[in-house]
Amino acid sequence: MRLPDQSVPHEGTRCFRRFPFGDLAQLSIADTRQNRSRRACGFLPLGNPVTDAVMEDPARVLTEPARTRWLQDGVRRAAELWHPIGQQIVMTRVLWPGAALGASGATIVNADQWDGYRPAQRDMVDSLCQARADAVVLTGDTHSSRANELVADPGERSTGVEFVCPSVSSDGFFEFSGGTADPVGGVTRTRQLTGALQAMNPHVKHLDGIGHGWVCVDVTPERVQADWHPAPLPTAAVPDPRVVRGIEPVHAFSYVTRRGERTLRAAAGPVGRRADTPR
């Protein structure tokens, strides 16, 4: 990674920068790990006055003010058709069923994500709503594949979309559920968890917590499409495809957002070979 000019006043190492692609898109690369307020631990139940006050504290920042202004100003002023944002943690609001995490009856949030910094999350989603260019957030870190619509709370109008890539080799939902020791049961347990999570979050249009692999994002003036290519499903014969030499990821599903819609729909298939000349 080539770092931008470090002479610009900044806290720590300045690594946020932009990449223009003509009038088609302007890619902003942000950093949500450096210089943020101390996180409020991992998974926290909603409704606890102490933890709710921490997550709702406007003084806690996810990025320092200079970087926040840089990102929001860039989104608002972009004249291009699309504004992809590459960053590290899930931006959209996600509620977790407490029963799946050993807290029956509770609603849980992952405070390590944008959900742990609620004022910053609402402010960013509002910025995307005001932007001329359509935002496409590109996210990692969560070790799962997701196609999200961007909302500050479930049930709200989407202001953009978020494509989340899986890990290549790090453990995910399947492994955390004991899947490599019991692959058939692990697949079932993981699908039960992801199904319960989607039921609580209708803006999470697709969630796969099993496969490891990669995502291809294809941009045209009319639409942005993401194609997920995970390794084959674990089986009793191959409980951990990650460690099998020669395993080939295969296309599993695709989602597309069309210009001006700021919502997601399932695509009929992968992009495949382009008939035009990509910009």
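Structure: see above.
First things first, this report covers the structure right here in the doc. All values derive from a computational prediction rather than experimental measurement.

### Thoughts on the environment of Leu-207
Along the chain, the position of Leu-207 falls in strand β10 (residues 204–208). Classification of Leu-207 as buried rests on a relative accessible area of 6%. Residues Leu-207 and Gly-74, 133 residues apart in the sequence, show an inter-C-alpha distance of 29 Å. Once you skip the residues sitting within four places of it in the chain, Leu-207 turns out to touch Ser-144, Ser-145, Arg-146, Phe-173, Thr-194, Leu-197 and Gln-198.

### Side note on the nonpolar core
Core analysis: the biggest nonpolar cluster contains 17 residues, and Leu-71, Val-75, Ile-85, Met-91, Trp-114, Met-124 and Leu-128 have the highest contact counts within it. Counting only elements with at least two residues in this core, the list comes to α2 (65–77), α3 (118–130) and β7 (134–139). Ranked by residue count, the leading element in this core is α2, at three residues. Beyond its immediate chain neighbours, meaning those up to four positions away, Met-91 contacts Trp-114, Gln-121, Met-124, Leu-128, Val-137, Leu-150 and Glu-162. The next biggest cluster of nonpolar side chains, apart from the first, holds 13 residues, and it includes Leu-24, Ala-25, Val-224 and Trp-228.

### A short note on helix α5 (residues 183–200)
Between its terminal C-alpha atoms α5 stretches 26 Å, which fits the 26 Å expected from 18 residues at 1.5 Å a residue. Residues of α5 that are buried: Pro-183, Gly-185, Gly-186, Val-187, Thr-190, Leu-193, Thr-194 and Leu-197. For α5, the elements touching its buried residues are β5 (96–97), α4 (173–176) and β10.

### Some thoughts on the layout of surface pockets
Size it by volume and the largest pocket reaches roughly 370 Å³. If you trace the largest pocket, you find 18 residues lining it, with Phe-43, Trp-96, Asn-110, Phe-173 and Phe-176 closest to the centre. Elements with a minimum of two residues in the lining of the largest pocket: α4 and α5. Residue classes in the lining of the largest pocket are distributed as seven nonpolar, five polar and six charged.

### Digging into α2
The end-to-end C-alpha distance of α2, which contains 13 residues, comes to 18 Å, matching closely the 18 Å that a straight helix rising 1.5 Å per residue would cover. Residues Arg-67, Trp-70, Leu-71, Gln-72, Gly-74 and Val-75 constitute the buried set of α2. Check the buried side of α2 and you find it contacts β1 (17–21), β2 (25–29), β4 (82–87) and α3.

### Details of the environment of Thr-139
Considering the arrangement of structural elements, one finds Thr-139 in strand β7. Here Thr-139 falls in the buried class, since its relative accessible area comes to 4%. Spatially, the C-alpha atom of Thr-139 lies 31 Å from that of Ala-236, the residues being 97 residues apart in sequence. If near-sequence neighbours (up to four positions away) are discounted, Thr-139 is found in contact with Gln-87, Gln-88, Ile-89, Val-90, Glu-162, Phe-163, Val-164 and Cys-165. Here Gln-87 takes part through its side chain, which lies 2.7 Å from a polar atom of the side chain of Thr-139. One polar contact links Thr-139 to Glu-162, side chain to side chain, over a distance of 2.8 Å.

Criteria and cut-off values
Residues numbered from 1 in each chain as written. Predicted model: local features only at pLDDT ≥ 70, side-chain atom pairs only at ≥ 80, totals over all residues. Heavy atoms only, no water. Helix = DSSP H or I, 4+ residues; strand = E, 2+ residues; numbered from the N terminus. Buried < 20%, exposed > 50% of the residue type's maximum accessible area, 1.4 Å probe, protein only. Contact = heavy atoms within 4.5 Å. Core = buried A, V, L, I, M, F, W, Y, C linked by side-chain atoms within 4.5 Å. Expected span 1.5 Å × (residues − 1). 1 Å grid on protein atoms, 1.4 Å probe; cavity = no way out; pocket = protein on both sides within 12 Å on 5 of 7 lines; lining within 4 Å. Points joined across faces, edges and corners; volume = space filled by probe spheres on them. Nonpolar A, V, L, I, M, F, W, Y, C, P; charged D, E, K, R; others polar. Polar contact = N/O pair within 3.5 Å; in protein donor to acceptor, adjacent residues only side chain to side chain.

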